[in-house]
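As a plain string of letters, each chain reads:
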Amino acid sequence: MRFFADECADRRVLRALRDAGHEVELSAPDAQGAPDEFVLARSNVLGGVLVTADKDFGALIFGRGLKATGVVLLRSADPDRCTAAILDHLAQLEGAILVVSDRSVRLRPLPETRP
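The shown structure was predicted, so the numbers you read here are calculated from the model rather than taken from an experiment.

So, how was this worked out
- Residues numbered from 1 in each chain as written.
- Predicted model: local features only at pLDDT ≥ 70, side-chain atom pairs only at ≥ 80, totals over all residues.
- Heavy atoms only, no water.
- Helix = DSSP H or I, 4+ residues; strand = E, 2+ residues; numbered from the N terminus.
- Buried < 20%, exposed > 50% of the residue type's maximum accessible area, 1.4 Å probe, protein only.
- Contact = heavy atoms within 4.5 Å.
- Areas by Shrake-Rupley, 256 points an atom, 1.4 Å probe, with all protein chains shown as cover.
- Lys, Arg positive; Asp, Glu negative; His and termini not counted.
- Charge placed at Lys NZ, Arg CZ, Asp CG, Glu CD.
- Arc of directions from axis to C-beta.
- Polar contact = N/O pair within 3.5 Å; in protein donor to acceptor, adjacent residues only side chain to side chain.
- Salt bridge = Lys/Arg side-chain N within 4 Å of Asp/Glu carboxyl O.
- Core = buried A, V, L, I, M, F, W, Y, C linked by side-chain atoms within 4.5 Å.

What to know about the overall build of the protein
So, step 1. Helix and strand counts for the protein stand at four helices and six strands.
So, step 2. Across the protein, helices and strands are ordered from the amino to the carboxyl terminus as β-α-β-α-β-α-β-α-β-β.
So, step 3. By the burial criterion, 45% of the 115 residues in the protein qualify as buried.
So, step 4. The contacts of the protein with a sequence gap of at least 6 include a subset with a gap of at least 24, amounting to 50%.
So, step 5. A total accessible area of about 6,100 Å² is found for the protein, and carbon and sulfur atoms account for 50% of it.
So, step 6. Of the charged side chains in the protein, 15 are positive and 17 negative; the average position of the first set lies 4 Å away from that of the second.

So this is what it looks like as structure tokens:
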């Protein structure tokens, strides 16, 4: 599977995804501090599921109706828990948001988006 990592995504999780054979594209150095809209658009262009720790992406997708291929929101500091949750839900990530916290793992379909 292809992932696009926001600058705040845990690098240990990203390394584990690569080690498991997945393609992980990092935010470009020239995109450091880029607006979330830019990061989301880039993940869509690259066709990757966005991996982030930034809750603002939920507001962009659910509040403003922006498009997303899929999102993994890491709310746990445990990289093993985060990696396991992602790998356990690979088949369901496209078109969904996966929220991994210390207490739960939630998968929710993304809303229909405007063109």
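Some words on helix H4 (residues 79-88)
So, step 1. Buried within H4 are the following residues: Pro-79, Cys-82, Thr-83, Ala-85 and Ile-86. Looking down the long axis of H4, one finds its buried residues gathered within 160 degrees of arc, a one-sided arrangement. Residues of H4 that are exposed and angled more than 90 degrees away from the buried face: Asp-80 and Asp-88.
So, step 2. In the core, the buried residues of H4 are packed alongside strand E1 (2-5), helix H1 (11-19), strand E4 (71-74), strand E5 (96-100) and strand E6 (105-109).
So, step 3. Here H4 starts with a cap whose side-chain oxygen sits 3.0 Å from the backbone nitrogen of Asp-80, and that cap is Asp-78.

A closer look at the pattern of salt bridges
So, step 1. On inspection of all chains with the given rule, the structure shows four salt bridges.
So, step 2. When the shortest N-O distance is used, the salt bridge between Arg-42 and Glu-25 registers 3.6 Å. Of this pair, Arg-42 sits in helix H2 (residues 36-46) while Glu-25 sits in strand E2 (residues 23-26), and the two are 17 residues apart along the sequence.
So, step 3. Relative accessible area serves as the criterion here: at 25%, Arg-42 is assigned to the partly exposed category.

Some words on the nonpolar core
So, step 1. If you look at the biggest cluster of nonpolar residues, it comprises 17 residues, and the most contacted ones within it are Phe-3, Val-51, Val-72, Leu-74, Ile-86 and Leu-93.
So, step 2. Contributing elements (two or more residues each) for this core: E1, H1, strand E3 (49-52), E4, H4 and E5.
So, step 3. Setting aside anything within four residues of it in sequence, one finds Ile-86 in contact with Phe-3, Val-13, Leu-17, Val-72, Leu-74, Leu-93 and Leu-98.
So, step 4. In terms of nonpolar packing, the next biggest core, distinct from the first, is built from 14 residues, Phe-4, Leu-40, Ala-68 and Leu-110 among them.

Some details on helix H3 (residues 56-63)
So, step 1. Those residues of H3 that sit buried are Phe-57, Leu-60 and Ile-61. Along H3, the residues classed as buried sweep out an arc of 85 degrees about the axis, all on the same side.
So, step 2. Where H3 is buried, its residues touch H2, E3 and E4.
So, step 3. With its phi angle positive at about 75 degrees, Gly-65 sits one or two positions after the end of H3.

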